[in-house]
Amino acid sequence: MRVVIAIGGNALQRRGEALTAENMRQNVVIASKQIAKVVPDNEIVVVHGNGPQIGLLALQNAAYTKVPSYPLDVLGAQTVGMIGYMLEQEIGNELPMRVPLCTFMTQMEVDSKDPAFSNPTKFVGPVYEREEAERLAQQNGWSIAVDGKHFRRVVPSPKPHRIVDVRPVKWLLANGAVVICAGGGGVPTVIGEDGIRRGVEAVIDKDLSAALLSREVAADYFVIGTDVDAVYVDWGTPDQKAIRKAHPDALERMGFSAGSMGPKVEACINFVRATGRKAVIGALEDIADILHDRAGTIVTTEVADIEWAALPETVAVCG
């Protein structure tokens, strides 16, 4: 079975956790152990987020004032190497040496006229208290927004339209490699009328890019691994309920916020509608059960509406 697994940047750098290489390595080890469980007998593509990491690089970059700051597309490319290196190494530590792994730099074409460029919504970097966030926003010309109980920087997040480099990804999969690609949603690129590729200041949502990639490589299953065990409605209230299975039309009618489950739900809906195959949102530690339809929220045309799951006694905090 060909499976695309998307994991968030926050899964690799926990919310509120110090943005150190050591902490990221520890989280990568946890994620890699889970991914390695499903490599045997499957063709695996891993897509990762980069929100905390690119935000940190932007802060470090801005601290050196003798030259202009590097643009977000260049910083995004740096995170691909940094995160891909750790994932490739730690997944490899869980598998026999004969299994090839490859981290592939992926350019993702976006529309230069996408309205997202005038409406930043993508969270990057660490969380701040309001006073510090407002100070940094004024100092650096940032846009900021509420993220849970804190504030974070937000940047444009245009929709991915085309994977510029999809052919090498298909070749790697056909030759037995575990492929790590479209990191951070891919490096945002516009192609002008002159045919020239140019990077743009943005961060693409990795779930939407992963859904596009899943269609392009004809994945049998699209999995979004996150820090919750399912998609919930009325989250944080006595009435909260987990969705076990959902038809894409029914799920779309429910509505989810852009800063939380919204892009994940949209990505799954896009994939299922385009292919008729299944997509799932669930906890990364449940990955083996997810691939056997035993865990997570499954988005599928095999049901007519919404099927609810029994609530566990305790649930993870939604991030």
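Look a little higher up for the structure.
Residues numbered from 1 in each chain as written. Predicted model: local features only at pLDDT ≥ 70, side-chain atom pairs only at ≥ 80, totals over all residues. Heavy atoms only, no water.

Some thoughts on helix H9 (residues 262–275)
Then, in step 1: For H9, built from 14 residues, the straight-helix expectation of 20 Å at 1.5 Å per residue is met to within 8% by its first-to-last C-alpha distance of 20 Å.
Then, in step 2: Next to the buried residues of H9 lie helix H7 (206–216), strand S12 (221–226), helix H8 (248–254), strand S15 (278–283) and strand S16 (297–299).
Then, in step 3: Of the residues one or two after H9, Gly-276 is the one with positive phi, at around 80°. (Helix = DSSP H or I, 4+ residues; strand = E, 2+ residues; numbered from the N terminus. Expected span 1.5 Å × (residues − 1). Contact = heavy atoms within 4.5 Å.)

Remarks on the nonpolar core
Then, in step 1: Counting 47 residues, the largest nonpolar core has Val-4, Leu-213, Val-217 and Phe-222 as the members making the most contacts within it.
Then, in step 2: No other element matches the 6 residues that H9 contributes to this core.
Then, in step 3: In this structure Val-217 touches Arg-2, Val-4, Val-166, Val-169, Lys-170 and Leu-173, once residues within four positions along its chain are discounted.
Then, in step 4: Ranked by size, the runner-up nonpolar core spans 31 residues in total, among them Ile-35, Leu-101, Val-223 and Ile-298. (Core = buried A, V, L, I, M, F, W, Y, C linked by side-chain atoms within 4.5 Å. Buried < 20%, exposed > 50% of the residue type's maximum accessible area, 1.4 Å probe, protein only.)

Quick look at empty space enclosed by the protein
Then, in step 1: Tallied over the entire structure, the rule returns 2 cavities of 30 Å³ or more.
Then, in step 2: Computed from the structure, the largest cavity encloses a volume of approximately 60 Å³.
Then, in step 3: Taken together, 15 residues line the largest cavity, and the ones lying closest to its centre are Asn-50, Gly-76, Gly-184, Gly-186 and Pro-188.
Then, in step 4: No other element matches the 5 residues that helix H4 (residues 72–94) contributes to the lining of the largest cavity.
Then, in step 5: A breakdown of the residues in the lining of the largest cavity according to their chemical character gives 9 nonpolar, 5 polar and 1 charged.
Then, in step 6: The computed volume of the second largest cavity comes to approximately 40 Å³.
Then, in step 7: Lining the second largest cavity are Gly-55, Ala-58, Leu-59, Val-124, Gly-125, Pro-126, Tyr-128, Trp-142 and Arg-153.
Then, in step 8: Breaking the lining of the second largest cavity down by element, the ones donating at least two residues are helix H3 (51–62) and strand S5 (122–128).
Then, in step 9: Here the lining of the second largest cavity takes 4 residues from S5, the largest share from any one element. (1 Å grid on protein atoms, 1.4 Å probe; cavity = no way out; pocket = protein on both sides within 12 Å on 5 of 7 lines; lining within 4 Å. Points joined across faces, edges and corners; volume = space filled by probe spheres on them. Nonpolar A, V, L, I, M, F, W, Y, C, P; charged D, E, K, R; others polar.)

Points about H3
Then, in step 1: Given a rise of 1.5 Å per residue, 12 residues ought to cover 16 Å, and the 17 Å separating the end C-alpha atoms of H3 matches this to within 8%.
Then, in step 2: The set of residues buried in H3 consists of Gly-51, Pro-52, Gln-53, Ile-54, Gly-55, Leu-57, Ala-58 and Asn-61.
Then, in step 3: As for H3, its buried residues are in contact with helix H1 (9–12), helix H2 (21–37), H4, S5 and strand S7 (150–155).

A short note on the sheet that holds strand S10 (residues 187–191)
Then, in step 1: On the basis of which strands lie adjacent, the open sheet formed by 4 strands has the order S8-S4-S10-S11 and mixed pairing. The sheet is open, and its two edges are formed by strand S8 (162–163) and strand S11 (197–199), each paired on a single side. (Pairing = 2+ DSSP bridges.)

Observations regarding the pattern of salt bridges
Then, in step 1: Following the criterion strictly, the structure yields 17 salt bridges and no others.
Then, in step 2: The residue Arg-2 makes a salt bridge to Glu-43 at a minimum N-O spacing of 2.6 Å. Taken together, the residues Arg-2 in strand S1 (residues 2–7) and Glu-43 in strand S2 (residues 43–48) connect sequence positions 41 residues apart.
Then, in step 3: Between Arg-152 and Asp-147 there is a salt bridge whose closest N-O contact spans 3.1 Å. For the pair shown, Arg-152 and Asp-147 are each scored as buried.
Then, in step 4: Each of Lys-206, Asp-207 and Lys-264 takes part in a single network of salt bridges with overlapping partners. (Salt bridge = Lys/Arg side-chain N within 4 Å of Asp/Glu carboxyl O.)

A word on the side chain of Thr-189
Then, in step 1: Relative to the elements of secondary structure, Thr-189 occurs in strand S10.
Then, in step 2: Only 2.9 Å separates the side chain of Thr-189 from the backbone oxygen of Val-187, close enough to count as a polar contact.
Then, in step 3: Residues within four places of Thr-189 in sequence aside, it is in contact with Gln-107, Met-108, Glu-109, Val-110, Arg-197, Arg-198, Gly-199 and Val-200. (Polar contact = N/O pair within 3.5 Å; in protein donor to acceptor, adjacent residues only side chain to side chain.)

Observations concerning the side chain of Arg-152
Then, in step 1: Locating Arg-152 in the fold gives a position in strand S7.
Then, in step 2: A distance of 2.8 Å separates the side chain of Arg-152 from the backbone oxygen of Gly-125, its partner in a polar contact.
Then, in step 3: If we ignore the near neighbours within four places in the chain, the residues touching Arg-152 are Asn-10, Gly-51, Pro-52, Phe-123, Val-124, Gly-125, Pro-126, Val-127, Ser-143, Ile-144, Ala-145 and Asp-147.

So far we have only geometry, and geometry alone does not tell us how the molecule works.
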